[in-house]
Amino acid sequence: MSDTAVRAPRQRPPRQAAARAHLRHSGWARRRDRRGAGFVVPFLAAFVLFLIVPLGYAIYSSGYTTRIIGGTTFTGLSNYTQTLTSGLFWNGVIRVVIFGAIQITIMLAIAFFFASIFDLGVVKLGRTFRAIFFIPFGVPIVVAALMWGFLLEPQYGPMTRLANAAGFSNVNFFSPGLMLPTIILIVIWEWTGYNMVILYTALKSVPRDLIEAAILDGAPLWKIILKVKLPMVRPAVVMLVFLNVIGASQLFVEPLILNNYQSGVITNYYTPTYFIFRTAIDNGQYNLAAAMAVILGLVVVLISVAALIFRRRRGEFR
Amino acid sequence: MTTTLVRKQQTSPLPERQETRRERRRRERLEEQAAMIPVKLYGLRRGTVTLLTVLAGLFAVFTLIPIAWIVINSTKTQANIFQSFGFWFARPFVFFHTFSMLFQNVDGDGTYIQWFGNTVLYAVLGGGGATVLSVLAGYGFARYRFRGSNALFYLVMAALMVPITAITLPLYLVYAKVHLINSIWGMILPSLVSPVGMYLMRTYVLVSVPRELIDAARLDGAGEVRIFLRVVLPLIVPGVMTVLLISIVAVWNNYFLPLIIFTQNHLFPLTVGMGLWSTHATTSGDNNLYPLIVMGGLVTIIPLIALFLVLQRYWRGGLLLGSMAD
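Residues numbered from 1 in each chain as written. Chains lettered and ligands numbered in written order. Predicted model: local features only at pLDDT ≥ 70, side-chain atom pairs only at ≥ 80, totals over all residues.

A.B. asks: Is there a simple way to explain the domain arrangement of chain A in this structure?
C.D. replies: Note: interface size is frequently given as the accessible area lost on complex formation between the parts. Assigned domains within chain A: domain 1 (13-61) and domain 2 (87-313). For domain 1 of chain A versus domain 2 of chain A, the separation of C-alpha centres amounts to 35 Å. (Domains from an automatic or database assignment.)

A.B. asks: Before we go on, may I ask you to explain the confidence of the model for chain A in this structure?
C.D. replies: Detail in the predicted coordinates should be disregarded across regions flagged by low pLDDT. Residue and element names in this part refer to chain A. Mean pLDDT over chain A stands at 82; residues scoring 70 or higher make up 86%. Averaged over each element, pLDDT in chain A is lowest for helix 1 (residues 14-25) (51) and highest for helix 4 (residues 87-120) (93). Across residues 1-14, confidence stays below pLDDT 50; counting only partners more than four residues off in sequence or on other chains, it has twelve contacts. (pLDDT = per-residue confidence, 0-100. Helix = DSSP H or I, 4+ residues; strand = E, 2+ residues; numbered from the N terminus. Contact = placed C-beta atoms within 7 Å.)

A.B. asks: For this particular structure, what's the right way to read the confidence of the model for chain B?
C.D. replies: Residues and elements named next belong to chain B. Looking at chain B, the pLDDT average stands at 82 and 88% of residues meet or exceed 70. Within the model, pLDDT remains below 50 along residues 1-16, and this stretch shows nine contacts once partners closer than five positions in the same chain are excluded. Low pLDDT (under 50) marks residues 321-326, which in the prediction has 14 contacts with non-local residues, meaning those over four places away or in another chain.

A.B. asks: Teacher, can you tell me more about the interface of chain B and chain A here?
C.D. replies: Counting residues at the interface gives 87 residues for chain B and 90 residues for chain A. Here the element with the most residues in the side of chain B that touches chain A is helix 4 (residues 48-73) of chain B; it accounts for 13 residues. Tallied by class, residues from the side of chain B that touches chain A come to 64 nonpolar, 18 polar and five charged. (Nonpolar A, V, L, I, M, F, W, Y, C, P; charged D, E, K, R; others polar.)

A.B. asks: What am I meant to see in the environment of T81(A) here?
C.D. replies: Relative to the elements of secondary structure, T81(A) occurs in helix 3 (residues 78-84). Note: C-alpha distance between T81(A) and S61(A) (20 residues apart in sequence) is 15 Å.

A.B. asks: Help me understand the nonpolar core in this model?
C.D. replies: One recurring pattern in soluble globular proteins: nonpolar side chains tend to sit buried together. Residues A145(A), L199(A), M292(A) and A293(A) are the most contacted members of the largest nonpolar core, which totals 160 residues. For this core, the element with the highest residue contribution is helix 8 (residues 179-204) of chain A, accounting for 15 residues. Looking at this core, you find at least three residues from each of domain 1 (13-61) and domain 2 (87-313) of chain A. Leaving out residues up to four positions away in the same chain, A293(A) has contacts with A58(A), I276(A), P163(B), T165(B), A166(B) and L169(B). (Core = buried A, V, L, I, M, F, W, Y, C linked by C-beta atoms within 7 Å. Buried ≥ 20, exposed ≤ 12 C-beta atoms within 10 Å, placed from the backbone.)

The structure is reproduced here in structure tokens:
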């Protein structure tokens, strides 16, 4: 009996399984399960009150329009048609899609590269590097954007000066052409370490025998990483892509702060979330903003579901 | 069964408790080394390890550039922040003067130290509360089957995809009706919901709390609450710490919600206050706000980095993965 406590549930001996089935069907077990629901109730209460109810209210209020003369009237789907036909809204959506495609790819590549070489131990000072890479996760995004704003500022920023000294003349990291790459750089700085630590933990759980077998076969290092390790941590990569897509769709703080350093480049519709913020707070069009938020949510759901179906079809994801 | 539990508690934790911190670190390092395949077995070309270390070093430099910049420039005057070379010190050294300004109300925008206190309050109540709810619910979803439990779990997971704006804007409208605008509860209560935290805890319980242990405790006649407190909780401490860290960081970072629901400066958290300073610094010219922004940024990130170092050994990033295979 003593080792069953540590053994994984799946390898349960049959007699115990039968006893458990008996437990489950007795009235005692059912009562216990209902009491188990008690553990979930506080969370669900907060979940409903502060997530479902506001979301419902957003959907409800998106059906109305408030005018200075005439008050609030029910206007059906007109806020939705206005959003869907708004070139500015889709301009922001497309910008965020481009942003996400580039940023997530580069970041996950860097994170996976470092996670795998730290995991294999082919780097000196691996522990120190892991700790350093994780630091930006503790820097609030507002502060990160402020610091990078100072560093890259067109007139005085030290990085701008270094770039000019290195021979690039009149570099402006906040010019219309470079603003998006600059934001990509900042976001990569913020999140690479976090993704790296998660991938590192996933790589640690790959059985050692697999790697030893690959070494005996004479596989080179890059093959061990890409052909043995990567397939084993694919679920982790999928999860990270999913979380990062959600994060990218809500890009907001970086444009808001950088707008203080360079006016005119960050348009009001620069990203969907920024556009929603401007529409609601500056223009007071809460109903229209609510419709935009709902549509943005649906776009994220569509992208996620499409990705899930795609992977399921390829048999990679349960 | 009973004997197993008792024996386990008596034998294993005691020697560990006597171990000093240095010994523990040394043991962990040795265990980590033992688990690794010796580097020479990979048959690497000479210089590969050096090359990879240099690459890691370059990325470490990239990571540390803003941190180094903010430390150096917290000692400078406004003129020097812009005119002197950004990566080295310049006289006069005004670190302590700027630091003392954090305790004053500058230009009527508000007092930094008050924002700091607010942030700590919101992070402790919101992040701590979110952790408690997540741990309870994660355990409930992982180890109990009740009517609709699966459906509810997937509903919570689907909610991850809802944009923050779709929650925050209506919260503002509802708050306006129930007088929660400019109330700290308007900030704290929504912070209690952390679907990611709940998901992480469920994963951690599935991996680290065997069903047999709970069944054994039940056969011994322990109640469900007692089982949770005495049997389950000690097993999931690392998971709880990870969720606590994530929840506190989430509240500490939160910008959109406080930006919308607070109109009185004395209620702001750090993020909103710093954002306000940043806007005023650019719009109203030279009111000497830049040194304050730099110093404020530095003081904002220090507590979280300190918290990381304290909680580092509990950190379980792998929590995010487990239930993908489940």
